[in-house]
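Observations on the three-dimensional arrangement
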Amino acid sequence: MFMRIDHVGIACHDLEEKIAFFERTFDLTVVAREVNEEQGVKEAMLHIADGEGGGSYIQLLEPLGPDTPVGKFLAKRGEGVHHVAFGVPDVARALEEIGGKGIRLLDEKPRHGSMGSSIAFLHPKDVGGMLTELVQAPDQGQ
């Protein structure tokens, strides 16, 4: 079902500061920026590598406000890993399969994600405490 780790989402207070850190420290390059009003974030995708199943990224997330999911995460836990995202060939099918195994879904159907992808989240309490995102690249079956 999983083709790769698509990205690791990292919550931060200052997107520009974190971008500069990852560029300077790890020689990563920003390949996309987006404001996602639905999710309440400003984000930047930094490319790590390409593999057989597609690319892998670091996703930096700055909340648009304190009452957004990432804003609440930062207030409770501080900066750090927010979620892990796995690339799948068909996010709707993956939701059906995973939901059928008793895992609670935060999204019943796919929604808009970074760089034109389709995404959905799984309930962290059913996945060992890890917020898990499923990502279908825009060039895969859409």
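Procedures and definitions
Residues numbered from 1 in each chain as written. Predicted model: local features only at pLDDT ≥ 70, side-chain atom pairs only at ≥ 80, totals over all residues. Heavy atoms only, no water. UniProt positions renumbered as here; feature names shortened; annotations may be inferred. Helix = DSSP H or I, 4+ residues; strand = E, 2+ residues; numbered from the N terminus. Pairing = 2+ DSSP bridges.

Going by an unreviewed UniProt entry, the protein chain carries the name Methylmalonyl-CoA epimerase and comes from Planobispora longispora. Heading Sequence similarities (unreviewed entry) of the UniProt record for the protein chain holds this comment: "Belongs to the methylmalonyl-CoA epimerase family."

The next thing to look at is unusual backbone geometry. Note on backbone geometry: most residues besides glycine have negative phi, and most peptide bonds are trans. One non-glycine residue, D27, adopts positive backbone phi at about 60°. Assignment of secondary structure puts D27 in the loop between α1 (15-26) and β2 (29-36). The backbone phi angle of M115 is positive, close to 55°, even though this residue is not glycine. With respect to the helices and strands, the residue M115 is situated in the loop between β6 (111-112) and β7 (118-122).

A separate point is the sheet that holds strand β5 (residues 80-87). Across the sheet, which stays open at both edges, the eight strands sit in the order β2-β3-β4-β1-β5-β8-β7-β6 with mixed pairing between neighbours. Single-partner strands in this sheet number two, and they are β2 and β6. Inspection of the sheet shows β5 paired to strand β8 (residues 132-136) by four bridges, in the parallel sense. Across the sheet, the residue bridging to A85 is E133, located in β8.

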